[in-house]
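A closer look at the structure
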Amino acid sequence: MGSLFRSEEVCLAQLFLQSASAYSCISELGERGLLEFRDLNPKVSPFQRRFVGEVRRCEEMEKTFSFLQQELRAAGRVPGPCPESPRAPVAREALRVQEQSEQLAQELREVSRSRASLRGRLRDLRQYLHVLREGQRFTSLPAPLGSPPRPRALSEREPILDPSLHQHLERKINFVAGVIHPWRVTAFERLLWRACRGYLVASFVEMPEPMEDPATGESITWVIFLISYWGEQIGQKIRKISDCFHCQVYAYPESEASRTDTISRLHGQIQELSVTLEETEKYLAEVLDKVAQVLPTWRVQVQKMKAIYLVLNQCSFDVTKKCLIAEVWCPVQDLTQVQDALRQGSYQSGSSVECFVQRVPTSESPPTLIRTNKFTAGFQSIVDAYGVASYQEVNPAPYAIITFPFIFAIMFGDVGHGLLMFLFALWMVLYENSPRLRQGTNEIWLTFFEGRYLILLMGAFSIYTGFIYNECFSKATAIFPSAWSVATMANHSSWSSAYLATHPSLALDPNVTGVFRGPYPFGIDPIWSLATNHLNFLNSFKMKMSVVLGIVHMGFGVVLGVFNHV
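Thresholds applied
- Residues numbered from 1 in each chain as written.
- Predicted model: local features only at pLDDT ≥ 70, side-chain atom pairs only at ≥ 80, totals over all residues.
- Heavy atoms only, no water.
- Salt bridge = Lys/Arg side-chain N within 4 Å of Asp/Glu carboxyl O.
- Helix = DSSP H or I, 4+ residues; strand = E, 2+ residues; numbered from the N terminus.
- Buried < 20%, exposed > 50% of the residue type's maximum accessible area, 1.4 Å probe, protein only.
- Axes fitted to C-alpha atoms, helices over the stretch in contact; angles between N-to-C directions.
- Parallel < 35°, antiparallel > 145°, perpendicular 65-115°, else oblique.
- Left-handed = near helix turned anticlockwise from the far one by under 90°.
- Contact = heavy atoms within 4.5 Å.
- Nonpolar A, V, L, I, M, F, W, Y, C, P; charged D, E, K, R; others polar.

Further remarks concern the pattern of salt bridges. This model, assessed by the stated rule, comprises 21 salt bridges. Here R87 ties to E28 by a salt bridge, and the two come within 2.5 Å at their closest N and O atoms. Residue R87 is found in the loop between α3 (52-74) and α4 (91-138), and its partner E28 is found in helix α2 (residues 22-32); the two are separated by 59 residues along the sequence. We classify R87 as partly exposed; its relative accessible area is 36%. Judged by relative accessible area, E28 falls into the buried class, the value being 7%. E60 is paired through a salt bridge with K63; the nearest N and O atoms lie 3.8 Å apart. A residue pair is termed a helical-turn pair when its members lie 3 or 4 positions apart in one helix, as E60 and K63 do in helix α3 at three residues. Overall, E60 belongs to the partly exposed group, its relative accessible area being 45%. Accessibility expressed as a relative area gives 54% for K63, which makes it exposed.

See the structure below:
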């Protein structure tokens, strides 16, 4: 408890670590969080240190993990939090993690590439099928002889050419069919007309179902076009213009029989591709499930392993190159725990030589260490935002636990609003162990959650000051009867009807017997809410109270400064 009111006593110490057990010892010390390491190689470049290869390997694994996480997010999955805090992996386990993560990444790349290829092929086949269907309606043959004539009507489904004119045409009619983005249709049609001088007939119709745009991934309704033309030069122009507008052009069979055969063949291919794509999606889901299960644990393990090697890079070797020497700042009362951690790390590594810690005298000022818990952490953060106290100075955070919420309540005092704050903070305190609350990604929510005990006290003090101000949601409340009696004043005064008509505001005289029956039991009398000088009275009251409390607060700070001086 002494460290709560004044920073702990910290000393400088040296760790002597055998090379074979240094990794395990640093891992054990990191799990306990007892030390602050000093860099003994400040002039050595990070790329020239002993364990730079291991650090790079950890960074490569982190890149692989980032790719796996991106694939999970692309599939709409969010990797959950790590269920427990795993220890840093040993060398053999680290190699296993690296191999499995690279294998999973390679599988995801191959399956994702295969799925994208299948989707693109399936999209092309469906578009081709719609093009043939719509084109067959445009270029349908005439009815057989003897059948009743078909009435002419203005419709997009009518044939674009009169079949009776085919026999009068000396040149062969060719077709260009495909799909185009709906935003480019107008410009495409205008350029075709100007470039080909009208030697073509173009028809456009929307596709019956929307499909994905491979460039943006959005679902749009493509436009099918069918262009009939005469002459090879006109056809070359049409194809070049189609390429410029990024149109997807498909082969259009000349005869109706070949178009029918192509449509039936497309149906079979689409069905086969759909089954293959479904199996690919299932396999991809299995791989993603495996990734989502192991990725959180792997990330924590690799982060710890990287941190260990970064600490080892701050150590120096002795003359024999068999022992690592590290300098650390350590709380004096934790020296025995440090020695126990070194003994445990040596045992886990199987080393026969035990590592040890030795205290070193120094004239340097140690760093400030103030231990906190989940209740005091929020208040300590507020104090540290103004400045961290020097070594062994008085810590003002324990006193801010009371003064900060209370001074806030003086400004905010309201029973209703304070109760809402109190209940909201109480809910966070009661469910503080819920992973859903602790693992939130919203920065504003995490700020509220970390300061839940601060909000709890601010709400409690606001309720108290709200009772003093006698306000609930900015409305006065009458918990106790008023100490002022208007009826007594009316009976013992000369308030006539004419007097009341000419005086909209009436004054209560406390000198009249029975008008004022003593002070209000708690807080401000609710009758002040009816007075014309209500704001003047409350502002004067709060101003005087603020001055008194401010002087007391500053005087208390001066007293703490005297203790620091002594």
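Before going further, it helps to examine the packing of α2 against helix α7 (residues 256-312). Relative placement of two packed helices is described by the angle separating their axes and the distance separating the axes. Where α2 contacts α7, the axes come no closer than 10 Å and their chain directions differ by 115°. Between α2 and α7, the interaxial angle falls into the category roughly perpendicular. The two elements α2 and α7 meet at a crossing, and its hand is right-handed. Residues A22, Y23, I26, S27 and E31 of α2 pack against K304, M305, I308, Y309, V311 and L312 of α7. When grouped by side-chain class, the residues that make up the contact of α2 with α7 number eight nonpolar, one polar and two charged.

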